[in-house]
Amino acid sequence: MHAIQTGASLFVGLGNMGRPMAARYAPGRELFVFDMDPAARATASENTGATALAGLDSIPNHVSTVLLMLPNSRTVETVLRGQSGLFARLQPGSMIIDMSSSEPGSTAALAEEAAEAGIAYVDAPVSGGVTGAITGDLAITVGGTPEAFSAALPHLQSMGTNIVHVGKAGTGHAAKALNNLLSATTLAAAAESLCAAASAGIQPETMVEVINGSTGRSQATEVKDPRHILTGKFDSGFAMDLMLKDLRIARKIFTDNSLEAPVVLAAESAAQTAGEHLEAASPDHTELVKHYERVNGLLLRGPRAAHQPTKPVAQP
Ligand code: NAD
């Protein structure tokens with residue numbers, strides 16, 4: 001393996017997460033940015049002082065670190081493979097850090113292809129949402145060789161505070177999907193609890209206060225319920241489609257290994273059903289609660305009669 005070089009960096013994918021992450025990453029570095037959306041790369045360039053590339057074919061030779069924050073594995077594969085892909089354009093000794101939430105199997109295969117080209121490959125998906133991206137407090141789970149992890153660490157420290165080396169390439173993405181499965185499970189379970197509370201004559205805000213002072217609390221009840229759900233804003237910046245992608249990745253780990261998981265897989269199934277019934281073109285993942293409102297005939301946010309269900313709640 002070639003020694004990992006330190007040169008200029010390129011950040012690819014400047015959406016809800018990539019934009020603030022690139023802003024955190026830019027200071028003190030020679031940075032190039034690229035997004036397929038010209039407006040996104042122009043904004044990122046303005047915000048960070050980085051040089052926007054019009055296409056990946058114009059990547060300068062001295063770029064040795066590439067960070068990806070893309071929607072899914074198919075996009076990552078497109079950006080890396082083929083004649084115009086980055087595998088063919090980067091110098092041996094370069095490093096690719098995929099910070100997207102990607103599929104572990106795809107990541108392991110890409111890491112092998114990268115190694116053949118003398119390129120180090122690290123998966124480093126993040127948790128903490130847009131808020132964590134803005135403040136630089138992301139949690140980052142890393143997969144890759146110990147050498148690649150050490151080389152990636154100074155880059156990751158610009159964007160995150162809780163950085164864990166999980167294991168070989170792909171394990172960071174597996175750990176991320178499993179975390180998000182648990183996160184979705186608590187989001188769904190909290191929605192169910194709030195519906196039952198409303199039916200028992202307890203206001204959702206009161207129930208959230210009770211949970212957050214007790215053992216049932218989670219990030220769903222401490223952040224999502226008060227900030228994004230009960231306000232009716234549904235503005236976490238993490239799309240339902242992206243959450244469903246994470247859940248599919250997590251489910252595959254269970255099914256590939258023939259594991260029983262009735263609790264988390266029920267939550268995954270509820271989220272899939274909820275996603276199918278939402279009307280917005282790109283709903284926020286916190287809109288999961290609307291599914292529970294719909295099937296239970298309740299309204300948990302805004303003007304409501306929380307303790308007066310619009311349809312009878314089933315009795316045990
Ligand atoms: P996003 O859709 O807001 O941004 C994705 C960006 O990638 C867009 O700007 C899009 O134009 C760009 N893009 C798509 N295809 C491209 C290509 N071929 N070449 C260059 N650019 C391309 O998504 P996001 O919310 O920023 O999420 C990005 C990744 O981070 C996803 O994998 C997601 O699952 C993960 N993630 C998101 C959050 C969140 O809160 N939004 C939190 C943790 C992890």
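Model, not experiment: these values are computed from the prediction.

Q: I would appreciate a short explanation of helix α13 (residues 288–296) in the present structure.
A: The α-helix advances 3.6 residues per turn, and as a result positions three or four apart in sequence lie on the same side. Residues of α13 that are buried include every one of L288, V289, H291, Y292 and E293, and no others. Those residues of α13 hidden inside the fold are in contact with α8 (171–199), α10 (219–229), α11 (240–256) and α12 (262–277). Residue G297 follows α13 closely and has a positive phi angle near 65°.

Q: In this structure, what is going on with the side chain of S106? I would like to understand it.
A: Tracing the backbone shows S106 in helix α5 (residues 104–116). Relative accessible area serves as the criterion here: at 10%, S106 is assigned to the buried category. With residues near it in sequence (within four places) discarded, S106 still touches S73, R74 and E77.

Q: Looking at this model, I keep getting lost on the site of the ligand. Mind explaining?
A: Residues in contact with the ligand amount to 25 residues; listed here are only the nearest, N16, M17, D35, M69 and L70. Separating a nitrogen atom of the ligand from a backbone N or O atom of G237 is a distance of 3.0 Å. Take K245: an N or O atom from its side chain is 3.0 Å from an oxygen atom of the ligand. Relative to its unbound accessible area of 840 Å², the ligand is 86% covered by the protein chains. Those elements that provide at least two residues to the shell around the ligand are α3 (73–80), α6 (129–135) and α11. Split by residue class, the shell around the ligand holds 13 nonpolar, eight polar and four charged.

Q: Even after reading the chapter, I still don't get the packing of aromatic side chains, so can you show me in this structure?
A: Think of a pair of aromatic rings as described by two things: how far the centres are apart, and how the planes are tilted against each other in angle. For the coordinates displayed, the defined rule picks out one aromatic pair. One cation-aromatic arrangement involves K290 over F234; the distance from NZ or CZ to the ring centre is 4.7 Å.

Q: It is not clear to me how the packing of α12 against α13 should be interpreted in this structure. Could you clarify?
A: Two numbers describe a pair of packed helices, the interaxial angle and the distance between the axes. The geometry of α12 relative to α13 is characterised by a closest axis approach of 9 Å and an angle of 85° between their N-to-C directions. Comparing the axis directions of α12 and α13 gives the class roughly perpendicular. On α13, the residues that touch A270, A271, T273, A274 and H277 of α12 are L288, H291, Y292 and R294. Its residues assigned to classes, the contact of α12 with α13 comprises five nonpolar, three polar and one charged.

Q: I tried to follow the pairing of strand β9 (residues 160–167) on my own but got confused; where do I start?
A: Look at any regular strand and the pattern is simple: side chains alternate between the two faces of the sheet. Two elements, strand β8 (residues 138–143) and β9, share six bridges in a ladder whose sense is parallel. Note on β9: the bridge partner recorded for I140 is I163. Considered for its hand, the β-α-β crossover made up of β8, helix α7 (residues 146–156) and β9 is right-handed.

Q: Could you clarify how one ought to interpret α11 in this entry?
A: With 17 residues, α11 ought to run about 24 Å at 1.5 Å a step, and its terminal C-alpha atoms sit 24 Å apart, in line with that. M240, M243, L244, K245, D246, L247, I249, A250 and F254 are the residues of α11 that are buried. Elements in contact with the buried residues of α11: α5, α8, α12 and α13. Just past α11, the residue S258 takes up positive phi, approximately 50°.

Q: Is there a simple way to think about the side chain of D35 in this case?
A: Residue placement: D35 occurs in the loop between β2 (31–34) and α2 (38–48). Summary of buried charges: D35 has no salt-bridge partner, and the nearest side chain of opposite charge, R41, is 6.2 Å away. Looking at D35, its side chain comes within polar contact range of the main-chain nitrogen of L14, at 2.7 Å. There is a polar contact of 2.7 Å between the side chain of D35 and the backbone nitrogen of D37.

Criteria and thresholds
Every chain begins its residue count from 1, and numbering advances along the sequence as written. Totals for whole chains, interfaces and linings use every residue, but because this is a predicted model, local features are given only for residues with pLDDT of at least 70 and side-chain atom pairs only at 80 or more, for both listing and counting. Hydrogens and waters are ignored; side-chain quantities use all the structure's heavy atoms. With a 1.4 Å probe rolled over the protein chains alone, any residue whose accessible area is under 20% of its type maximum counts as buried; one over 50% counts as exposed, and the rest are partly exposed. Numbering goes from the N terminus for both helices and strands, where a helix is a DSSP run of H or I of at least four residues and a strand is a run of E of at least two. Should any heavy atoms of two residues lie within 4.5 Å, those residues are counted as being in contact. A molecule or strand has a residue near it when one of that residue's heavy atoms lies within 4 Å. Between N or O atoms, a polar contact is any pair within 3.5 Å; within protein, one atom must be a potential hydrogen donor and the other a potential acceptor, and residues adjacent in sequence are included only when both atoms are from side chains. Each accessible area value is a Shrake-Rupley result obtained with a 1.4 Å probe; residue values ignore everything except the protein chains displayed when judging cover. Under the grouping applied here, Gly and all other residues not named as nonpolar or charged are polar, the nonpolar ones being Ala, Val, Leu, Ile, Met, Phe, Trp, Tyr, Cys and Pro and the charged ones Asp, Glu, Lys and Arg. Pairing of aromatic rings covers Phe, Tyr and Trp, the last counted by its six-membered ring, and requires centre-to-centre distances within 6.5 Å; plane angles under 30 degrees mean stacked, over 60 mean edge-to-face, and any other angle means tilted. By definition here, charges over rings are those cases where NZ of Lys or CZ of Arg is within 6 Å of the ring centre and within 35 degrees of the ring normal. Axis definition: a line fit to C-alpha positions, over the contact stretch in the case of helices; interaxial angles, taken between N-to-C directions, run 0 to 180 degrees. Just so you know how the angles are binned, under 35 degrees is roughly parallel, over 145 roughly antiparallel, 65 to 115 roughly perpendicular, and the rest oblique. Any two strands with at least two DSSP bridges between them are considered paired. Crossovers are marked right-handed if the path from the first strand over the helix to the second runs clockwise, as seen with the strands pointing away from the viewer. The length a helix should cover is 1.5 Å for every residue beyond the first. Charge counting follows a simple rule: Lys and Arg are positive, Asp and Glu are negative, and His as well as the terminal groups are ignored. Any carboxyl oxygen of Asp or Glu within 4 Å of a side-chain nitrogen of Lys or Arg constitutes a salt bridge here.

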